[in-house]
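Given next are the chains, with one letter for each unit.
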Amino acid sequence: MNLKNLIGKKKRIKIIGKTNNKKYYVGKEIEQAYNIYIEDLGDYYDEELIGKEEECIIIDIIKNNLIGFILDDRKFINDIKKIEKKLKDTQEYETVKDIYLMERLKIKGKVLGLYLVDEGDKRKILFRYNPNRNLQ
């Protein structure tokens with residue numbers, strides 16, 4: 001299978017360890033046993049992830065390795081719920097298939113979530129400020 005076809009796909013993985021340089025967690029995709037690398041951004045302790053199953057979205061391919069992003073990032077789940085509630089108040093909600101946290105951004109000491117609202121044929125990018133988060 002062409003790895004580029006996997007970008008944007010949601011996969012269930014089991015975190016099996018970390019790379020030697022400690023920059024990435026290594027996850028094994030449940031169905032087809034692909035290795036998927038998740039960047040360690042300091043949000044979790046190793047014992048919170050290693051050995052656990054998580055959902056991730058494939059966001060990139062670097063040196064023929066799949067790079068993923070954990071979707072169940074507990075720091076931003078409330079923002080996703082707020083976005084979903086706001087969309088429910090509009091007619092747009094009927095077309096929404098899913099909402100993903102794509103990236104955490106730190107701008108001037110404040111953490112922002114970059115969200116993707118997937119409507120099938122069209123996608124929207126949203127920023128959401130998370131005021132009480134302090135990443136080091």
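Analysis parameters
Residues numbered from 1 in each chain as written. Predicted model: local features only at pLDDT ≥ 70, side-chain atom pairs only at ≥ 80, totals over all residues. Heavy atoms only, no water. Helix = DSSP H or I, 4+ residues; strand = E, 2+ residues; numbered from the N terminus. Contact = heavy atoms within 4.5 Å. Pairing = 2+ DSSP bridges. Phe/Tyr/Trp six-rings, centres within 6.5 Å; stacked < 30°, edge-to-face > 60°.

Topologically, Leu 49 is positioned in helix H1 (residues 46-49). The spacing of Leu 49 and Lys 14 is 35 residues in sequence and 8.7 Å in space, taken between C-alpha atoms. Contact partners of Leu 49, with chain neighbours within four places excluded, come to Ile 15, Tyr 25, Tyr 44, Glu 54 and Ile 70.

Here the focus is the pairing of strand E1 (residues 10-18). Every other side chain in a regular strand lies on the same face of the sheet, so the side chains alternate between the two faces. Two elements, E1 and strand E4 (residues 53-62), share five bridges in a ladder whose sense is antiparallel. Bridge pairing in E4 links Lys 14 to Glu 53. Two elements, E1 and strand E2 (residues 24-29), share five bridges in a ladder whose sense is antiparallel. Each residue of the ladder has a partner; that of Ile 15, found in E2, is Gly 27. With antiparallel pairing between neighbouring strands as the criterion, E1 and E2 make up a hairpin whose turn holds five residues, including Lys 22 at a positive phi of roughly 65°.

This part takes up the packing of aromatic side chains. The full count for this structure, using the stated rule, is one aromatic pair. Ring geometry for Tyr 24 versus Tyr 37: centroids 6.5 Å apart, planes at 90°, classification edge-to-face. Here Tyr 24, found in strand E2, pairs with Tyr 37, found in strand E3 (residues 35-39); they are 13 residues apart in sequence, far enough to count as distant.

Purely geometric numbers; function is a separate question.
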